Amino acid sequence: MTDFFNWVAGTLNFTDLRMPGIEISSIADILIVAYLIYKVLVFAARTRAWTLIKGISLLAVVYMLSDIFKLHTIRWLISNTFNVGLIAIIIIFQPEVRKALEQIGKGTKLVITGVDENTEEDKQNVLDEIIDACKKMSAVRTGALIVIENEVPLGDIESTGTKLDARVTNQLLVSIFEDKMPLHDGAVVISKGRLASAGCLLPLTEKEIGAEHGTRHRAAVGISEESDAHVIIVSNETGHISIATGGRLYKNLSEDEIRSMLYGMRKPPKRKLVSFFKTR
């Protein structure tokens, strides 16, 4: 056994090992890079780009596994996807990139408000206030568009409107959507149990949802295609209440159906699952 250790020691030649010198500039370099990466991730977490980052991370893991297990075809496909994908990402997320650069130029802190710490009772109270507001606006045919954030952050959508960060009450929601009020034309975004912003602009869907539906319905379906949000629409023509989620529009819902969808979050009513829109 002694001979074995002597052989190992002689082979590795521990006497020649040297601890590399660590300079102050190297430590500063590492800390700056780590800080920048942290800030980028924090900023991305407030936008829909966070979902993209998680997808890229998964692809990176698959790429490493394909390299380990010699899966050459998968490795080649992912490698070429990354080459083209970097250019596509810059084009697709140009607004987010521009916003980040603008904030850096202005010296604005890129911070995040933190995770949702609301209790189940708080969440139910918020949903009750939203439903009460929709019932009141439906009775007098006041148009409304309310986006309820789920797991996909909507920070980029919030930034298109007026930041409020207010407690959600049915009186406040009704007052926002009153005709001729400054913010009544846009959407309200509910994030982390708070009324985050009002007067927000939403992307319009390119799907055919029916000529009887206007811009509010198209915007609701549009944002539901790009996120997992639940979007409530109150029609100013019929007073009907609809919900868009997952790129689908569930029309003319009863109060029980609305509660079921919002409390279940992703559990649409069974009788409303078909024939809500036509694809081109």
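Residues numbered from 1 in each chain as written. Predicted model: local features only at pLDDT ≥ 70, side-chain atom pairs only at ≥ 80, totals over all residues. Heavy atoms only, no water.

Undergrad: Just to check I follow, could you spell out helix H9 (residues 215-226) for this structure?
TA: An α-helical turn contains 3.6 residues, so any two residues separated by three or four positions project in the same direction. With twelve residues, H9 should reach 16 Å at 1.5 Å per residue; the first-to-last C-alpha distance of 17 Å fits that figure. When H9 is considered as a whole, its buried residues turn out to be Arg216, His217, Ala219, Ala220, Val221, Gly222, Ile223 and Ser224. On its buried face, H9 sits against strand S1 (144-148), helix H7 (155-158), strand S5 (230-234), strand S6 (241-245) and strand S7 (248-250). (Helix = DSSP H or I, 4+ residues; strand = E, 2+ residues; numbered from the N terminus. Expected span 1.5 Å × (residues − 1). Buried < 20%, exposed > 50% of the residue type's maximum accessible area, 1.4 Å probe, protein only. Contact = heavy atoms within 4.5 Å.)

Undergrad: Help me out: how do you make sense of the sheet that holds strand S3 (residues 187-191) in this one?
TA: Sheet strands associate in pairs through backbone hydrogen bonding, adopting either a parallel or an antiparallel arrangement. Overall, mixed pairing links the seven strands, which are arranged S2-S4-S3-S1-S5-S6-S7 in an open sheet. The open sheet is flanked by strand S2 (162-167) and S7, the only strands paired with a single partner. Direction aside, neighbouring strands of the sheet carry axes that sit 20° apart on average. In this structure, S5 lies alongside S6, joined through four bridges in antiparallel fashion. Note that in S6 the partner of Val234 across the bridge is Ile241. Together, S1, S5, S6 and S7 form the strand contacts of H9, whose direction differs from that of S5 by roughly 175°. (Pairing = 2+ DSSP bridges. Axes fitted to C-alpha atoms, helices over the stretch in contact; angles between N-to-C directions.)

Undergrad: Just checking my understanding: could you explain the side chain of Ser227 for this structure?
TA: Among the structural elements, Ser227 can be located in the loop between H9 and S5. Separated by 2.9 Å, the side chain of Ser227 and the backbone oxygen of Ile223 make a polar contact. (Polar contact = N/O pair within 3.5 Å; in protein donor to acceptor, adjacent residues only side chain to side chain.)

Undergrad: What exactly am I supposed to notice about the nonpolar core here?
TA: Ile130, Ile146 and Ile232 are the most contacted members of the largest nonpolar core, which has 28 residues in total. Within the residue set of this core, elements represented by two or more residues are helix H6 (120-139), S1, helix H8 (170-176), S3, strand S4 (194-200), S5, S6 and helix H10 (255-264). With seven residues, H6 is the largest single contributor of residues to this core. Core analysis: the second largest hydrophobic core is formed by 18 residues, Leu145, Val189, Ile209 and Ala244 among them. (Core = buried A, V, L, I, M, F, W, Y, C linked by side-chain atoms within 4.5 Å.)

Undergrad: Please clarify how a nonpolar patch on the surface should be interpreted in this entry.
TA: Taken together, the side chains of Leu58, Val61, Val62, Met64, Leu65, Ile68, Phe69, Leu71 and Ile74 make up a nonpolar region of the molecular surface, amounting to roughly 830 Å² of accessible area. On the secondary structure map, Leu58 appears in helix H3 (residues 49-68). (Patch = residues over 30% accessible without salt bridge, like charges linked within 9 Å, V, L, I, M, F, W, Y side chains within 5 Å. Areas by Shrake-Rupley, 256 points an atom, 1.4 Å probe, with all protein chains shown as cover. Salt bridge = Lys/Arg side-chain N within 4 Å of Asp/Glu carboxyl O.)

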